[in-house]
Amino acid sequence: MCTRFVYRGDDMITGFNFDIDLTVWDHKIVKEKDRFYIGILRPDGIRHSYHGVNRNGNVGTLLYVHGNPEGTYQDSKSCMTIADVTEQFIQAKISFGDVLEILKERKIVYAPDATMQAMLSDQQGRTLIIEPGIGWREDDGRYSLMTNYSVLSPENTIPFIVPGDDRYERAAQLLNTYGNHFTVTNAFSVLQTVRQEGIWATRVSFVYSAKEHTVYYVQNNDFSQIEKYEFPQL
């Protein structure tokens with residue numbers, strides 16, 4: 001379970017809660033000169049950057065979703081997995097414009113072993129919501145928001161909503177109260193409000209400020225200990 005939003009005010013701010021079961025996923029915060037990301041250890045021995053920020057302002061996150069047959073993995077040149085799109089965007093191997101072209105030309109499918117949907121945003125706050133098997137849209141307005149249910153076709157995942165899971169509604173209610181001035185502190189307030197506990201607890205929360213070119217983050221719901229990663233000057 002995860003929560004991601006992009007807020008387009010006088011600063012472009014994005015927030016993300018990374019909620020996982022530690023018995024299933026091995027994660028580690030990785031800080032490089034060009035990337036800040038939550039490295040997920042995969043069977044190939046690599047810590048993949050499926051959730052992170054590039055120094056150019058690209059922010060990508062994958063969120064678990066109950067799969068649909070139309071998004072099933074296909075090993076075909078006409079298809080690309082949502083995991084590959086997201087990681088290549090975070091690595092700056094592809095731009096926002098490149099992703100738009102890919103979405104028009106290729107079918108986006110799930111990875112072979114995981115059903116995920118994605119939110120991608122750039123330095124200007126341009127945002128894409130991508131749901132394999134359902135579709136995509138370029139988002140606008142004051143904010144964009146995604147949790148673990150379909151945004152584009154909510155009826156698709158209504159049967160899978162966990163009783164009491166109202167993270168989307170609570171986050172939206174909070175985001176609707178802010179005007180043009182939205183700060184890093186405000187972003188953490190939203191993330192703290194929808195944090196998870198228990199087996200699928202929030203392990204990492206990060207906020208990226210495009211104006212400051214900086215990532216702020218906390219681990220294991222300790223919102224009193226906010227750490228900072230500012231991309232080094234080249």
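See the structure printed just above.
What you see is a predicted model; the values in this text were computed from it and never measured.

Conventions used here
- Residues numbered from 1 in each chain as written.
- Predicted model: local features only at pLDDT ≥ 70, side-chain atom pairs only at ≥ 80, totals over all residues.
- Heavy atoms only, no water.
- Helix = DSSP H or I, 4+ residues; strand = E, 2+ residues; numbered from the N terminus.
- Buried < 20%, exposed > 50% of the residue type's maximum accessible area, 1.4 Å probe, protein only.
- Contact = heavy atoms within 4.5 Å.
- Areas by Shrake-Rupley, 256 points an atom, 1.4 Å probe, with all protein chains shown as cover.
- Lys, Arg positive; Asp, Glu negative; His and termini not counted.
- Charge placed at Lys NZ, Arg CZ, Asp CG, Glu CD.
- Pairing = 2+ DSSP bridges.
- Axes fitted to C-alpha atoms, helices over the stretch in contact; angles between N-to-C directions.
- Salt bridge = Lys/Arg side-chain N within 4 Å of Asp/Glu carboxyl O.
- Polar contact = N/O pair within 3.5 Å; in protein donor to acceptor, adjacent residues only side chain to side chain.
- Core = buried A, V, L, I, M, F, W, Y, C linked by side-chain atoms within 4.5 Å.
- Arc of directions from axis to C-beta.

1. Quick notes on the overall build of the protein
Phase 1 of the analysis: Counting its secondary structure elements, the protein contains 4 helices and 15 strands.
Phase 2 of the analysis: With 234 residues in all, the protein has 53% of them scored as buried.
Phase 3 of the analysis: For the protein, long-range pairs separated by at least 24 residues make up 60% of all intrachain contacts whose partners lie at least 6 apart in sequence.
Phase 4 of the analysis: Accessible surface, the protein as shown: approximately 10,600 Å² in total, 49% of it carbon and sulfur.
Phase 5 of the analysis: If the 23 positive side-chain charges of the protein are averaged to one point and the 30 negative ones to another, these points end up 4 Å apart.

2. Quick look at the sheet that holds strand β2 (residues 12-19)
Phase 1 of the analysis: One open sheet accounts for 6 strands, arranged β12-β1-β2-β13-β14-β15; its pairing is antiparallel. The open sheet is flanked by β12 (143-146) and β15 (227-230), the only strands paired with a single partner. For this sheet, the mean angle separating the axes of adjacent strands, direction not counted, is 15 degrees.
Phase 2 of the analysis: As paired elements, strand β13 (residues 202-209) and strand β14 (residues 214-219) share 6 bridges and run antiparallel to each other. Note on β14: the bridge partner recorded for S205 is V218.
Phase 3 of the analysis: Docked against the sheet, helix α3 (residues 167-175) engages β1 (2-8), β2 and β12, running at close to 165 degrees with respect to β12.
Phase 4 of the analysis: Against the sheet, helix α4 (residues 184-193) makes contact with β1, β2, β13 and β14, and its axis sits at roughly 155 degrees relative to β13, the strand it touches most.

3. What about the side chain of D19?
Phase 1 of the analysis: Looking at where D19 falls in the secondary structure, it is placed in strand β2.
Phase 2 of the analysis: Of the side chains with opposite charge, R167 comes closest to the buried, unpaired D19, at an N-O distance of 4.2 Å.
Phase 3 of the analysis: Polar side-chain contacts of D19 include one of 2.7 Å to the side chain of T202.
Phase 4 of the analysis: What D19 contacts, discounting residues up to four positions off in sequence, is M1, C2, R167, Q196, W200, A201 and T202.

4. A few points about the sheet that holds strand β6 (residues 59-64)
Phase 1 of the analysis: Pairing is antiparallel across the open sheet formed by 7 strands, whose spatial order is β3-β4-β5-β6-β9-β10-β11. Of all the strands in the sheet, just β3 (27-31) and β11 (135-139) have a single pairing partner and so form its edges. If you compare each strand with its neighbour and ignore which way they point, the axes differ by 25 degrees on average.
Phase 2 of the analysis: Alignment of β6 against strand β9 (residues 116-121), held across 6 bridges, turns out to be antiparallel. When the sheet's bridge partners are listed, L63 is paired in β9 with Q117.
Phase 3 of the analysis: Running at roughly 50 degrees to strand β5 (residues 47-54), helix α1 (residues 82-90) makes contact with β4 (35-41), β5, β6, β9 and β10 (127-131) of the sheet.
Phase 4 of the analysis: Contacts from helix α2 (residues 96-105) reach β9, β10 and β11 within the one sheet, and its direction differs from that of β10 by about 30 degrees.

5. Considering the nonpolar core
Phase 1 of the analysis: Counting residues in each nonpolar core, the largest one holds 46 residues, and the members touching the most others are F18, F36, V99, I108, I130, F206 and Y208.
Phase 2 of the analysis: With 5 residues, the single largest contributor to this core is α2.
Phase 3 of the analysis: Listed in part, the 19 residues of the second largest apolar core include L175, V190, V207 and Y216.

6. Examining α3
Phase 1 of the analysis: When α3 is considered as a whole, its buried residues turn out to be R167, A171, A172 and L175. Buried residues of α3, viewed axially, fall in a sector of 125 degrees; they line one side.
Phase 2 of the analysis: Contacts from the buried residues of α3 go to β1, β2, β12 and α4.

7. Section: the pairing of β1
Phase 1 of the analysis: Of all the 7 residues making up β1, 7 are buried; the element is thus mostly covered by neighbouring parts of the structure.
Phase 2 of the analysis: Of the two faces of β1, both are covered, the one formed by C2, R4, V6 and R8 as well as the one formed by T3, F5 and Y7.
Phase 3 of the analysis: Pairing analysis gives 4 bridges linking β1 to β12, with the strands arranged antiparallel. Its bridge partner lying in β12, F5 is registered against L145.

8. Topic: the side chain of N68
Phase 1 of the analysis: Within the secondary structure, N68 is located in the loop between β6 and β7 (79-81).
Phase 2 of the analysis: Side chain to side chain, N68 and Y110 meet in a polar contact 2.9 Å long.
Phase 3 of the analysis: Those residues in contact with N68 that sit more than four places away from it in its chain are Y110, P132, G133, I134 and N156.

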